[in-house]
Amino acid sequence: MYTRILIPTDGSQLATKGLDHGLALARTLGLPVTVVCVTVPLGGLALQGVVQAQALESYDLGVKEELAATEKLVRQKATEAGVVAEFINETAISAATGILETAQARNCGLIVISSHGRTGIVRMILGSQTQEVLAKSAIPVLVVK
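The rules we used
Residues numbered from 1 in each chain as written. Predicted model: local features only at pLDDT ≥ 70, side-chain atom pairs only at ≥ 80, totals over all residues. Heavy atoms only, no water. Core = buried A, V, L, I, M, F, W, Y, C linked by side-chain atoms within 4.5 Å. Buried < 20%, exposed > 50% of the residue type's maximum accessible area, 1.4 Å probe, protein only. Helix = DSSP H or I, 4+ residues; strand = E, 2+ residues; numbered from the N terminus. Contact = heavy atoms within 4.5 Å. Salt bridge = Lys/Arg side-chain N within 4 Å of Asp/Glu carboxyl O.

Caption draft 1: Highlighting the nonpolar core. Residues I5, I7, L23, V33 and V35 are the most contacted members of the largest nonpolar core, which totals 20 residues. Secondary-structure elements contributing two or more residues to this core are β1 (5-8), α1 (13-29), β2 (33-39), α2 (49-81), β3 (85-91) and β4 (110-114). In terms of residue count, α2 provides more of this core than any other element does, 5 residues in total. Beyond its immediate stretch of four places on either side in the chain, V33 contacts R4, I5, I7, L23, A26, V83, V84, A85 and E86. In this structure, A92, A96, I113 and V133 belong to the second largest nonpolar core, which totals 13 residues.

Caption draft 2: Here's a closer look at the pattern of salt bridges. Per the stated rule, a full pass over the model turns up 5 salt bridges. E86 is the salt-bridge partner of R4, the closest N and O atoms lying 3.9 Å from each other. Placement of the pair is R4 in the segment before β1 and E86 in strand β3, with a sequence separation of 82 residues. On the accessibility criterion, R4 (22% relative accessible area) is partly exposed. Overlapping salt bridges, with partners in common, bring together R4, E86 and R106 in one network.

Caption draft 3: Molecular detail of the environment of Y2. Secondary-structure assignment places Y2 in the segment before β1. Under the relative-accessibility criterion, Y2 is labelled partly exposed at 23%. On a C-alpha basis, the gap between Y2 and A26 in space is 9.7 Å, while along the polypeptide they are 24 residues apart. Residue contacts for Y2: discarding those within four places in its chain leaves L29, L31, G109, L110 and P140.

And the structure:
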């Protein structure tokens, strides 16, 4: 039924629950996984000139450090689970967009994603990337809470 599982992560503790669940499922089904960490470019009208260059440099450095730590964690957990895992970083306008594009590009048959469980005004302001993936995905999505 599935040939590859996509597991999005942002390196957070909650996303790690989704990673663990996805790796356990992949091990049980004998499937490889693609683990994607989506980077959203820093931008906006507030960033101008030198301030923009400094902000971008600082942002890029922070992203590289977080990606390295996340990749190390993913590789360790995949090895422990005995699962073949590919770790990739994609840049997209939103995490949901990057997840959906990666699922299609890598021919994934299932997305295993964790939900941050935001509610109220925070959800209204920040939105829900998991909800967007659920709404727009052409393939099955398993949400881990």
